[in-house]
Amino acid sequence: MSGTRSDGELLRAIAADRDRRAFEELYRRYAPWLAARLRGRCADPALVDDVVQETFLAIWRGKAVYREEGSPDAAGWLWRIGARRLIDALRGDGARGRLRQALARLRHRDEASAEERVLSGVEHGDLAGALTRLSPELRAVLQATVIDGLTTREAAVLLGIPPGTVKTRALRARKQLREALA
């Protein structure tokens, strides 16, 4: 086959034939991107590297199977696997302490994350302005639940807050956005 294979073709080749070349191509295509996204959620580079490796191992071993119909694109599918594996890793021994340290470093850094730059660059109506007017706590909950597609429980673990607080903040954030955009 000449040319670059689509993500779907690569994933089908990996699942059906355990095609090593397809796996390597998928890894080269997405591992740097996944690592960059995970670094936005975890300041521990060793943990991020482990999660990226575990994500791709799950694909190779057939524990994570991509179903094209009804599934997000391959990048979204990989992100969900990686984000959930990161949450699982953070739930381990000392996870709460590591998470607090990571969030503290993220809160105090001067450079905005890629997601924050994208959100602030949204040009549909006054959404960018409305998002920037939300408190950092409300924006973090929206980012975890809406953008990253995490469940309330997963967002609670990632943010180090109770699930009820995630729900409350999500409701407040949506209400404030509705009011700002009305």
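Overview of the structure. The shown structure was predicted, so the numbers you read here are calculated from the model rather than taken from an experiment. (Residues numbered from 1 in each chain as written. Predicted model: local features only at pLDDT ≥ 70, side-chain atom pairs only at ≥ 80, totals over all residues. Heavy atoms only, no water.)

**What about the nonpolar core?**
Our working definition: Think of a nonpolar core as a cluster: buried Ala, Val, Leu, Ile, Met, Phe, Trp, Tyr and Cys residues, connected wherever their side-chain atoms sit within 4.5 Å. Think of it in three bands: residues with accessible area under 20% of the maximum for their type are buried, residues over 50% are exposed, and the middle band is partly exposed, with areas taken using a 1.4 Å probe on protein chains only. Segments assigned H or I by DSSP are reported as helices when at least four residues long, segments assigned E as strands when at least two residues long, and all are numbered from the N terminus. Here, two residues are considered to be in contact whenever any of their heavy atoms come within 4.5 Å of each other.
Counting 42 residues, the largest nonpolar core has Leu-26, Leu-38, Val-52, Phe-56 and Ile-59 as its most contacted members. Elements supplying a minimum of two residues to this core: α1 (7-17), α2 (20-39), α3 (45-60), α4 (74-90), α8 (136-147), α9 (152-159) and α10 (163-181). Broken down by element, the residue count for this core peaks at 10 residues, all from α4. Aside from chain neighbours lying at most four places away, what touches Val-52 is Tyr-27, Ala-31, Leu-34, Ala-35 and Leu-38.

**Some details on α1**
Asp-7, Gly-8, Leu-10, Leu-11, Ala-13 and Ile-14 are the residues of α1 that are buried. Against the buried residues of α1 lie α2, α3 and α4. Residue Arg-18 follows α1 closely and has a positive phi angle near 50 degrees.

**Notes on unusual backbone geometry**
With a phi angle near 50 degrees, Arg-18 is a residue other than glycine that sits in the positive phi range. Checked against the element boundaries, Arg-18 lands in the loop between α1 and α2.

**Brief notes about the pattern of salt bridges**
Pairing between side chains becomes possible if they bear opposite charge and their charged atoms approach one another. Let me state the cut-off plainly: What counts as a salt bridge is simple: a side-chain nitrogen of Lys or Arg found within 4 Å of a carboxyl oxygen of Asp or Glu.
Under the definition given, this model contains 6 salt bridges. Here Glu-24 makes a salt bridge to Arg-20, at a shortest N to O gap of 3.5 Å. Within this pair, Glu-24 and its partner Arg-20 are both found in helix α2, separated by 4 residues, close to a single helical turn. Under the relative-accessibility criterion, Glu-24 is labelled partly exposed at 33%. Linked through salt bridges whose partners overlap, the residues forming this network are Asp-7, Glu-25 and Arg-29.

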